[in-house]
Number of protein chains: 4
Amino acid sequence: MLTGIHAVFIGGDARQLEVIQKFAEKDATVTLIGFDNLQNQFSGVKKASLSEELLREADVILLPAVGTDDNGKIDSIFSSEELILTEELMRSMKKRCTIYTGMAKPYLKKMCHEHGVRLVELFDRDDVAIYNSVPTAEGALMLAIQNTDITIHGSECIVLGLGRTGITMARTLQGIGAKVKVGVRKKEHYARAEEMRFNPFYVQDLASEVSNVDLIFNTVPAMIVTAQVISHMPHRSVIIDLASRPGGTDFRFAEKRGIKAILAPGLPGIVAPKSAGKIIANCVIDLIMEDQEKWGNG
Amino acid sequence: MLTGIHAVFIGGDARQLEVIQKFAEKDATVTLIGFDNLQNQFSGVKKASLSEELLREADVILLPAVGTDDNGKIDSIFSSEELILTEELMRSMKKRCTIYTGMAKPYLKKMCHEHGVRLVELFDRDDVAIYNSVPTAEGALMLAIQNTDITIHGSECIVLGLGRTGITMARTLQGIGAKVKVGVRKKEHYARAEEMRFNPFYVQDLASEVSNVDLIFNTVPAMIVTAQVISHMPHRSVIIDLASRPGGTDFRFAEKRGIKAILAPGLPGIVAPKSAGKIIANCVIDLIMEDQEKWGNG
Amino acid sequence: MLTGIHAVFIGGDARQLEVIQKFAEKDATVTLIGFDNLQNQFSGVKKASLSEELLREADVILLPAVGTDDNGKIDSIFSSEELILTEELMRSMKKRCTIYTGMAKPYLKKMCHEHGVRLVELFDRDDVAIYNSVPTAEGALMLAIQNTDITIHGSECIVLGLGRTGITMARTLQGIGAKVKVGVRKKEHYARAEEMRFNPFYVQDLASEVSNVDLIFNTVPAMIVTAQVISHMPHRSVIIDLASRPGGTDFRFAEKRGIKAILAPGLPGIVAPKSAGKIIANCVIDLIMEDQEKWGNG
Amino acid sequence: MLTGIHAVFIGGDARQLEVIQKFAEKDATVTLIGFDNLQNQFSGVKKASLSEELLREADVILLPAVGTDDNGKIDSIFSSEELILTEELMRSMKKRCTIYTGMAKPYLKKMCHEHGVRLVELFDRDDVAIYNSVPTAEGALMLAIQNTDITIHGSECIVLGLGRTGITMARTLQGIGAKVKVGVRKKEHYARAEEMRFNPFYVQDLASEVSNVDLIFNTVPAMIVTAQVISHMPHRSVIIDLASRPGGTDFRFAEKRGIKAILAPGLPGIVAPKSAGKIIANCVIDLIMEDQEKWGNG
Ligand SMILES: NC(=O)c1ccc[n+]([C@@H]2O[C@H](COP(=O)([O-])OP(=O)(O)OC[C@H]3O[C@@H](n4cnc5c(N)ncnc54)[C@H](OP(=O)(O)O)[C@@H]3O)[C@@H](O)[C@H]2O)c1
Ligand SMILES: NC(=O)c1ccc[n+]([C@@H]2O[C@H](COP(=O)([O-])OP(=O)(O)OC[C@H]3O[C@@H](n4cnc5c(N)ncnc54)[C@H](OP(=O)(O)O)[C@@H]3O)[C@@H](O)[C@H]2O)c1
Ligand SMILES: NC(=O)c1ccc[n+]([C@@H]2O[C@H](COP(=O)([O-])OP(=O)(O)OC[C@H]3O[C@@H](n4cnc5c(N)ncnc54)[C@H](OP(=O)(O)O)[C@@H]3O)[C@@H](O)[C@H]2O)c1
Ligand SMILES: NC(=O)c1ccc[n+]([C@@H]2O[C@H](COP(=O)([O-])OP(=O)(O)OC[C@H]3O[C@@H](n4cnc5c(N)ncnc54)[C@H](OP(=O)(O)O)[C@@H]3O)[C@@H](O)[C@H]2O)c1
């Protein structure tokens with residue numbers, strides 16, 4: 001239980017509703033900032049405005065997936081009010097207050113560092129990245145179905161990268177009956193791909209592997225689907241780039257060659273906000289409870 | 001090869017392009033009626049208007065998936081011209097001319113019967129129904145992803161019917177990580193479901209199986225998701241009804257209870273017209289070649 | 001429940017223990033003939049000798065999987081006593097007494113026919129055949145692992161027949177990572193094989209499909225792995241023939257060519273007698289309860 | 001190619017034949033020591049006795065999977081000759097000679113360290129461990145089929161550890177239709193298990209997870225299936241312990257409670273020596289060729 005914990009939510013999207021709900025269920029004291037238009041009534045949850053007084057009381061602060069922008073602005077789909085995480089606000093936070101977000105921009109990192117506030121980037125964590133890979137892969141699959149005139153079953157798919165997202169992506173495609181090749185750079189990934197009955201190749205040979213491809217799903221956060229690679233791809237093929245901005249594709253060249261290439265960030269929040277919210281909620285609550293055990297309740 | 005076979009295509013949608021292409025590749029003589037707006041140039045394929053002279057020459061006539069409507073009208077997305085299959089046109093066809101379509105309405109069946117023209121309904125065939133089950137299941141999966149805020153992975157799914165579409169639908173959902181229950185009425189389907197690690201139940205018990213369901217996929221062409229069943233479903237759940245019109249769901253009651261219910265006919269032509277066209281092409285070409293073997297080439 | 005039903009078990013193997021147990025649990029009156037050496041004590045179950053008096057009381061008689069041999073002899077692994085199903089015994093059975101067995105030889109069929117006793121051959125039933133396909137496939141897999149020096153994962157396997165056993169066999173091999181081709185003769189089986197991502201071919205082309213095979217699993221009860229086929233197989237390959245005696249393999253030629261060929265009947269009773277017994281028990285109990293509903297309890 | 005490389009094989013089992021074959025194919029100069037009874041003729045491969053002169057010429061030396069025993073003895077199933085890796089022999093090896101083995105005992109490690117000879121333990125490598133996990137899992141599955149009277153399909157299985165062997169073991173069981181729970185200790189393993197549709201739990205809760213188990217497969221190289229755990233297991237259940245000697249099971253207590261517990265080391269060499277040999281061959285050849293690239297051919 002989170003009894004006695006004061007959690008302040010600043011901004012967010014549909015995912016955050018699930019987190020709020022779980023916090024309320026666990027008996028946390030919950031205050032919402034930037035949720036004025038939210039109808040949904042959670043029992044025992046109150047709304048407030050962004051203020052130093054309030055943050056002074058906070059044990060944990062929950063920001064949206066992207067934290068703040070480069071100027072400290074926090075997005076909320078539930079409010080038109082502007083929310084800025086200023087120096088003053090940072091300064092008001094108590095020692096041991098922890099800020100949770102998905103991924104932090106330099107602004108937020110710097111702020112936390114300067115003011116000695118602990119910052120937890122959830123999407124960095126292996127467990128969260130693996131859980132998030134599931135809605136990511138489903139979103140990518142949906143895009144693939146929508147953007148081709150063929151069935152994914154029986155199609156020639158390539159997944160680049162066999163990390164946390166890549167394994168799930170490859171498994172999802174295989175599960176639906178695609179022929180799956182995976183591009184890797186480590187021998188142990190090559191071996192695991194063989195065990196999983198994906199057809200592995202080394203990414204350095206990518207250009208020679210794409211001549212018959214229908215779909216490429218990229219999870220490598222580096223320029224990998226280069227102009228040279230694209231020039232070997234059939235015109236009908238589609239690139240779905242999952243790597244975080246700016247992706248790993250030469251989008252300009254793809255467009256020039258008439259090959260559809262889609263940069264698709266933030267899929268979990270788009271295709272499965274409720275599941276994505278649950279992932280965040282479970283992880284944060286776990287971490288808070290571990291902290292409680294470590295430090296006691298006070 | 002189809003050398004010497006004169007194939008006349010009347011109307012159609014994107015699927016038919018694939019069929020035309022395959023016929024051209026197999027060296028058939030191909031005439032297109034109702035394709036005036038089609039840019040795509042197939043070598044050796046000519047366009048024409050609907051006329052008795054032309055049909056007199058036809059060895060095979062290919063109609064769109066739905067054949068004609070109840071008044072003999074044939075749809076074409078490539079033309080604004082009106083295409084009607086009249087008595088006169090039927091009369092002009094030669095003995096042994098065969099008409100291929102997906103499913104025939106009573107009008108077309110009657111016409112063919114009266115004029116002694118062989119009619120082949122492709123979607124009736126077990127092989128075609130199984131091939132088509134693949135794009136159908138992918139389309140249904142796409143709808144499921146779009147119409148829920150959770151991942152299909154880990155969700156509670158029910159598939160009704162373990163026929164040609166039902167098996168594929170259940171396998172697709174299992175492949176992507178859903179928890180799959182299937183509702184059947186035959187003991188051998190129950191047994192096969194257990195072997196396939198679906199959780200089977202008998203459809204007579206449907207009402208008691210839905211209390212925790214996230215998604216129902218119906219393939220039973222009979223009223224099965226009744227008001228009584230719907231009244232036991234959670235509000236969040238979604239019904240995707242694949243059975244041909246009017247489906248097997250009490251849509252009126254679903255709406256009243258605020259449960260999303262989607263009638264989703266014709267998915268292969270929508271989500272994978274190229275694959276769907278290939279299925280038709282392969283089957284028709286096979287059948288023609290078998291006929292040739294049986295009867296000789298003349 | 002089976003209260004009031006008198007079930008007489010004559011002979012059997014380890015499977016029958018499971019059936020006896022279930023009958024006892026369901027409150028049937030159970031008498032065992034030919035189980036003298038059985039230690040296992042089931043409560044409320046008594047042993048007896050084969051006699052007309054006893055069979056006169058029987059509502060159902062359960063014979064072992066193979067029923068009787070061609071002379072009426074019934075096997076029992078729990079007794080050295082000879083058990084013969086004579087004319088006299090048959091004559092003593094009451095109208096509506098039903099005999100359950102796996103598969104009946106002509107002797108038993110003739111006896112039942114002549115004396116008007118209903119005979120149920122369980123292994124004939126689609127549901128039982130499908131349930132039994134599971135231990136059959138596991139047994140075949142065990143033989144494959146034992147009789148090769150390679151892993152089944154990654155090996156080139158062919159399954160002949162896509163019936164009740166064939167589907168399960170192919171799925172089991174695919175599940176463990178083999179490359180699976182299936183030989184069929186019906187178009188709808190070809191289509192289902194493609195949907196299931198097996199590589200299908202028509203059995204008429206078998207000889208040209210085996211040049212690289214590691215393992216053939218035959219479920220076709222007809223001579224299909226002929227000398228001609230075997231002559232195209234590599235020496236290292238292994239044939240596991242699951243079809244009932246005499247199998248579908250030219251064993252003599254296989255031996256001559258030095259290719260290992262194994263006829264493997266009765267696998268469920270060998271590798272999973274408890275599961276196999278449960279399959280029989282569930283089915284028989286179901287059938288008896290359906291009869292009760294139809295006819296009332298008397 | 002391995003042209004110019006002198007490879008000396010000292011002892012071994014069936015696996016080594018595959019390695020020798022591959023070396024010969026790659027044009028290495030191959031000398032076999034301790035293979036006097038080997039019939040199999042590899043072209044261009046010569047046999048010899050263990051001598052300083054010979055080892056002086058060796059570029060690479062291949063020992064069996066277990067290397068030497070604690071006294072320097074090397075096993076060979078192809079010879080009755082005694083083979084001892086003495087100080088003198090070690091001293092004769094040239095700088096840059098590399099010894100390849102599966103796992104090295106302290107004796108071998110010490111020898112190599114003292115004489116500055118590079119030692120590569122292949123089974124330590126992630127890629128090799130993953131490749132070997134495949135025959136290991138198949139061997140374990142075979143043992144499971146042999147040692148139960150139920151089908152693995154539908155049975156309650158627990159896999160302990162989700163490392164290189166554990167993932168493959170769990171996937172194999174799932175592939176054949178078992179209900180699979182996996183015991184882990186890291187959150188990211190818990191997450192991956194959920195993605196893969198295994199049911200995860202934390203190993204600290206093992207005792208409370210086994211009350212209904214049919215089979216436990218252990219891959220954790222530490223005492224984990226303790227007396228306390230075993231006391232909660234049903235009598236029918238079976239433990240298959242894959243961890244290297246002495247395993248992770250309290251075998252004494254299991255025996256006392258009448259629960260079958262099997263320590264099963266060295267499965268790849270037992271159930272699939274040819275595949276196991278190929279894994280070794282591919283890896284060693286790869287490593288040699290990388291060395292060649294790095295250092296040139298001389
Ligand atoms: N679109 C979305 O909705 C969404 C959702 C989640 C994550 N993501 C993004 O997806 C990307 C992957 O995330 P992840 O969690 O899967 O990360 P990850 O576990 O680190 O996987 C990244 C993979 O890329 C490979 N890689 C990195 N640099 C490479 C290079 N230069 N050449 C070849 N391979 C290279 C890595 O290989 P090694 O193991 O050899 O290093 C690894 O297999 C990230 O950019 C992440 O932000 C997007
Ligand atoms: N939406 C699309 O894009 C799309 C695409 C393809 C097909 N379809 C439609 O989907 C439906 C199923 O097609 P299919 O090819 O799968 O047909 P199918 O093989 O005949 O399967 C129909 C299933 O429904 C069961 N069923 C029929 N009546 C029932 C009843 N009263 N109670 C319980 N179960 C019943 C059948 O069970 P038994 O085996 O026990 O008879 C069978 O398993 C058809 O309406 C078809 O037109 C739609
Ligand atoms: N070894 C064991 O422990 C064990 C256990 C169970 C069963 N069995 C035996 O296994 C065999 C198969 O049983 P099942 O239940 O799977 O039967 P099934 O469902 O009838 O399947 C038999 C398959 O063989 C095909 N077939 C039959 N004759 C053929 C021919 N001349 N050419 C090509 N294909 C042919 C059938 O194809 P179509 O569909 O086109 O007719 C069907 O797919 C039987 O002999 C049975 O007794 C053995
Ligand atoms: N029987 C055979 O034929 C055969 C074949 C191959 C390998 N093996 C043996 O199998 C074992 C596993 O090999 P591997 O390659 O899979 O190793 P691995 O990748 O290191 O996996 C070992 C697993 O055990 C877990 N683990 C270790 N200590 C633990 C503890 N105290 N409590 C809970 N979990 C613990 C590890 O978890 P963390 O990730 O949390 O550390 C890891 O998941 C080794 O002993 C190896 O020699 C046997």
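The structure displayed is predicted, hence computed values, not measured ones. (Residues numbered from 1 in each chain as written. Chains lettered and ligands numbered in written order. Predicted model: local features only at pLDDT ≥ 70, side-chain atom pairs only at ≥ 80, totals over all residues. Heavy atoms only, no water.)

Colleague: Hey, could you run me through the overall build of chain A in this one?
Modeller: Each helix and strand in chain A was counted, giving 11 helices and 14 strands. On the principal axes, the C-alpha backbone points of chain A span a range of 60 × 40 × 35 Å. Per-residue burial for chain A yields a buried fraction of 57% across its 298 residues. Within chain A, contacts between residues separated by at least 24 positions form 59% of all contacts whose residues are at least 6 apart in sequence. Working note: accessible area of chain A is about 12500 Å², and carbon and sulfur atoms make up 48% of it. Considering chain A, the positive charge centre built from 34 side chains and the negative charge centre built from 37 side chains are found 4 Å apart. (Helix = DSSP H or I, 4+ residues; strand = E, 2+ residues; numbered from the N terminus. Buried < 20%, exposed > 50% of the residue type's maximum accessible area, 1.4 Å probe, protein only. Contact = heavy atoms within 4.5 Å. Areas by Shrake-Rupley, 256 points an atom, 1.4 Å probe, with all protein chains shown as cover. Lys, Arg positive; Asp, Glu negative; His and termini not counted. Charge placed at Lys NZ, Arg CZ, Asp CG, Glu CD.)

Colleague: What should I look at first to understand the relation of the copies chain B and chain A in this one?
Modeller: When chain B is fitted to chain A, the residual RMSD is 0.0 Å, and the transformation amounts to a turn of 180 degrees plus an axial shift of 0.0 Å. What the rotation and shift describe, once combined, is the action of a two-fold rotation axis. Of the C-alpha atoms belonging to chain B, the one lying closest to the rotation axis is found on Gly175 of chain B, 2.0 Å away. When the interface residues of chain B are mapped onto chain A, 100% of them again lie at the interface, so the same face is used by both copies. (Least-squares fit on C-alpha atoms with pLDDT ≥ 70 in both.)

Colleague: Explain the site of ligand 4 here, please?
Modeller: Residue and element names in this part refer to chain D. Taken together, 23 residues are adjacent to ligand 4, and Arg164, Thr165, Leu242, Ala264 and Leu267 come closest. At a separation of 3.1 Å, an oxygen atom of ligand 4 approaches a polar backbone atom of Gly163. Between an oxygen atom of ligand 4 and a side-chain N or O atom of Lys186, the distance comes to 3.0 Å. If ligand 4 stood free it would expose 920 Å²; the protein chains cover 77% of that surface. Among the secondary structure elements, those contributing two or more residues to the shell around ligand 4 are helix 5 (126-146), helix 6 (164-175) and helix 10 (267-271). Partitioned by chemical class, the residues of the shell around ligand 4 number 12 nonpolar, 8 polar and 3 charged. (Near = heavy atom within 4 Å. Polar contact = N/O pair within 3.5 Å; in protein donor to acceptor, adjacent residues only side chain to side chain. Nonpolar A, V, L, I, M, F, W, Y, C, P; charged D, E, K, R; others polar.)

Colleague: Sorry if this is basic, but what is going on with the state of the cysteines here?
Modeller: Throughout this description, disulfide means a covalent bond between two cysteine sulfur atoms. Under the definition given, this model contains 0 disulfides over all chains. Cysteine Cys283 of chain B shares no disulfide, and the gap to the nearest cysteine sulfur, in Cys112 of chain B, comes to 17 Å. (Disulfide = S-S within 2.5 Å.)

Colleague: Whenever I open this one, the interface of chain D and chain B confuses me. Can you help?
Modeller: Between chain D and chain B, the residue contacts involve 7 residues of the former and 7 residues of the latter. A combined buried area of about 490 Å² lies between chain D and chain B, and 49% of that area is made up of carbon and sulfur atoms. Between chain D and chain B we count 0 salt bridges in total. Inspection of the region where chain D meets chain B yields 5 residue pairs in polar contact (both at pLDDT 80 or more). The residue inventory of the side of chain D that touches chain B, partitioned by class, reads no nonpolar, 3 polar and 4 charged. (Buried area = accessible area lost by both parts, 1.4 Å probe. Salt bridge = Lys/Arg side-chain N within 4 Å of Asp/Glu carboxyl O.)

Colleague: Explain helix 6 of chain D to me, please; I cannot follow it from the model alone.
Modeller: Working note: α-helix, 3.6 residues per turn, so residues spaced by three or four point in the same direction. Between its terminal C-alpha atoms helix 6 of chain D stretches 17 Å, which fits the 16 Å expected from 12 residues at 1.5 Å a residue. Gly166, Ile167, Thr168, Met169, Ala170, Arg171, Thr172 and Leu173 of chain D are the residues of helix 6 of chain D that are buried. In this fold, the buried residues of helix 6 of chain D make contact with helix 6 (164-175) and helix 7 (187-195) of chain A together with helix 5, strand 9 (156-160), strand 10 (179-184) and strand 12 (215-218) of chain D. Just downstream of helix 6 of chain D lies Gly177 of chain D, where phi reads positive at about 100 degrees. (Expected span 1.5 Å × (residues − 1).)

Colleague: I tried to follow the sheet that holds strand 3 (residues 45-48) of chain C on my own but got confused; where do I start?
Modeller: Strand pairing in a sheet takes place through backbone hydrogen bonds and is either antiparallel or parallel in direction. All names here are of chain C. One open sheet accounts for 6 strands, arranged 3-2-1-4-7-8; its pairing is parallel. Sheet topology places strand 3 and strand 8 (118-121) at the edges, where each strand pairs with a single neighbour. Sheet twist, expressed as the mean angle between neighbouring strand axes with direction ignored, is 25 degrees. Strands in contact with helix 4 (residues 106-115) are strand 7 (98-101) and strand 8; relative to strand 8, the strand with the most contacts, it is inclined by about 150 degrees. (Pairing = 2+ DSSP bridges. Axes fitted to C-alpha atoms, helices over the stretch in contact; angles between N-to-C directions.)

Colleague: How should the packing of aromatic side chains be read in this particular structure?
Modeller: Given two aromatic rings, one states the distance between the centres and the angle between the planes to describe the pair. All names here are of chain C. Throughout the structure, instances matching the rule amount to 12 aromatic pairs over all chains. Here the aromatic rings of Phe9 and Phe23 are separated by 5.5 Å at their centres, their planes lie at 90 degrees, and the arrangement is edge-to-face. Taken together, the positions of Phe9 in strand 1 (residues 6-10) and Phe23 in helix 1 (residues 14-25) put the pair 14 residues apart, joining distant regions of the chain. (Phe/Tyr/Trp six-rings, centres within 6.5 Å; stacked < 30°, edge-to-face > 60°.)

Colleague: What am I meant to see in the sheet that holds strand 14 (residues 260-263) of chain A here?
Modeller: All names here are of chain A. An order of 11-10-9-12-13-14 is seen for the 6 strands of this open sheet, with the pairing classed as parallel. Each edge of the open sheet is held by one strand with a lone partner, namely strand 11 (199-202) and strand 14. Pairs of neighbouring strands in the sheet enclose a mean axial angle of 20 degrees, with direction left out of account. Seen against the sheet, helix 7 touches strand 10 (179-184) and strand 11 and runs at an angle of roughly 160 degrees to strand 11.

Colleague: What's the story with the site of ligand 2 in this structure? I'm lost.
Modeller: All names here are of chain B. Among the 23 residues in the neighbourhood of ligand 2, the closest are listed as Thr165, Arg185, Leu242, Ala264 and Leu267. A distance of 3.3 Å is found between an oxygen atom of ligand 2 and a backbone nitrogen or oxygen belonging to Leu162. At 3.1 Å, a backbone N or O of Gly163 approaches an oxygen atom of ligand 2. Burial of ligand 2 by the protein amounts to 77% of the accessible area it has alone, namely 920 Å².

Colleague: Even after reading the chapter, I still don't get the environment of Met233 of chain A, so can you show me in this structure?
Modeller: Residues and elements named next belong to chain A. With respect to the element layout, Met233 can be found in the loop between helix 8 (227-230) and strand 13 (238-241). By relative accessible area, which is 2% here, Met233 ends up buried. In this structure the C-alpha to C-alpha distance between Met233 and Lys186, which are 47 residues apart in sequence, comes to 24 Å. Ignoring sequence-local partners within four residues, the contact set of Met233 consists of Val210, Val213, Ile216, Ile239, Arg257 and Ile259.

Colleague: I'm lost on the environment of Arg197 of chain D in this one. Help?
Modeller: Residue placement: Arg197 of chain D occurs in the loop between helix 7 (187-195) and strand 11 (199-202). Overall, Arg197 of chain D belongs to the partly exposed group, its relative accessible area being 31%. Residues Arg197 of chain D and Ala7 of chain D, spaced 190 residues apart in sequence, show a C-alpha to C-alpha distance of 46 Å. Every residue in contact with Arg197 of chain D, bar those within four places of it in the chain, is listed here: His153, Gly154, Gly177 and Lys179 of chain B together with Gln174 of chain D. Side-chain polar atoms of Arg197 of chain D contact the backbone oxygen of Gly177 of chain B, separated by 3.0 Å.

Colleague: It is not clear to me how the environment of Phe78 of chain D should be interpreted in this structure. Could you clarify?
Modeller: Residues and elements named next belong to chain D. Its location among the elements puts Phe78 in the loop between strand 5 (73-74) and strand 6 (83-84). On the accessibility criterion, Phe78 (10% relative accessible area) is buried. In sequence terms Phe78 and Ile270 are 192 residues apart; their C-alpha atoms lie 16 Å from each other.

Colleague: Looking at this structure, how should I read the UniProt feature "domain: Dipicolinate synthase subunit A N-terminal" (unreviewed entry) in chain A?
Modeller: This chain's UniProt record puts "domain: Dipicolinate synthase subunit A N-terminal" (unreviewed entry) on residues 7-123 of chain A. The straight-line gap between the two end C-alpha atoms of residues 7-123 of chain A is 20 Å; of that span, 29% is helix and 24% is strand. (UniProt positions renumbered as here; feature names shortened; annotations may be inferred.)

Colleague: When you look at the side chain of His153 of chain D in this model, what are you seeing that I'm missing?
Modeller: In this structure, His153 of chain D sits in the loop between helix 5 and strand 9. At 2.9 Å, the side chain of His153 of chain D and the backbone oxygen of Glu195 of chain B are in polar contact. Sequence-distant contacts of His153 of chain D, defined by excluding residues within four places in its chain, comprise Glu194, Glu195 and Arg197 of chain B, Val134 and Glu138 of chain C together with Ile176, Gly177 and Ala178 of chain D.

Colleague: Help me out: how do you make sense of the pairing of strand 14 of chain A in this one?
Modeller: Each regular strand displays side chains that alternate between the two surfaces of the sheet. Residue and element names in this part refer to chain A. Where strand 13 lies against strand 14, 4 bridges are found, and the strand directions are parallel. Bridge pairing in strand 14 places Ile240 opposite Ile262. Since strand 13 and strand 14 lie parallel, the crossover through helix 9 (residues 251-257) that links them has a hand, and here it is right-handed. (Right-handed = clockwise from strand over helix to strand, strands pointing away.)

Colleague: Please explain the interface of chain B and chain A as it appears in this structure.
Modeller: Interface size is often expressed as the accessible area that is lost when the parts come together. Taken residue by residue, the interface counts 21 residues in chain B and 21 residues in chain A. Applying the counting rule to chain B against chain A returns 0 salt bridges. Taken together, the connections running from chain B to chain A amount to 10 residue pairs in polar contact (both at pLDDT 80 or more). Considered class by class, the residues forming the side of chain B that touches chain A number 11 nonpolar, 7 polar and 3 charged.

Colleague: What is the right way to look at unusual backbone geometry in this model?
Modeller: Negative phi characterises most residues that are not glycine, and trans characterises most peptide bonds. Cis geometry is adopted by the peptide bond preceding Pro246 of chain B, which originates at Arg245 of chain B and carries an omega value of 5 degrees. Despite not being glycine, Arg197 of chain B has its phi angle at roughly 65 degrees, a positive value.

Colleague: Help me understand the packing of helix 5 (residues 126-146) of chain C against helix 5 of chain D in this model?
Modeller: Each packed pair of helices is defined by two parameters, the angle between the axes and the distance between the axes. Where helix 5 of chain C contacts helix 5 of chain D, the axes come no closer than 10 Å and their chain directions differ by 130 degrees. Our classification of the angle between helix 5 of chain C and helix 5 of chain D gives oblique. For the crossing formed where helix 5 of chain C meets helix 5 of chain D, the hand is left-handed. Along the contact surface, helix 5 of chain C presents Glu138, Leu141, Met142, Ile145 and Gln146 of chain C, while helix 5 of chain D presents Glu138, Leu141, Met142, Ile145 and Gln146 of chain D. Among the residues making up the contact of helix 5 of chain C with helix 5 of chain D, the classes are represented as 6 nonpolar, 2 polar and 2 charged. (Parallel < 35°, antiparallel > 145°, perpendicular 65-115°, else oblique. Left-handed = near helix turned anticlockwise from the far one by under 90°.)

Colleague: I keep staring at the pairing of strand 13 (residues 238-241) of chain B and nothing clicks. Help me out?
Modeller: Residues and elements named next belong to chain B. By the alternation rule, side chains of strand 13 split into Val238 and Ile240 and Ile239 and Asp241, which are all buried. Relative to strand 13, strand 12 (residues 215-218) runs parallel, the two being bridged by 4 bridges. Residue pairing across strands places Leu215 opposite Val238, the latter belonging to strand 13.

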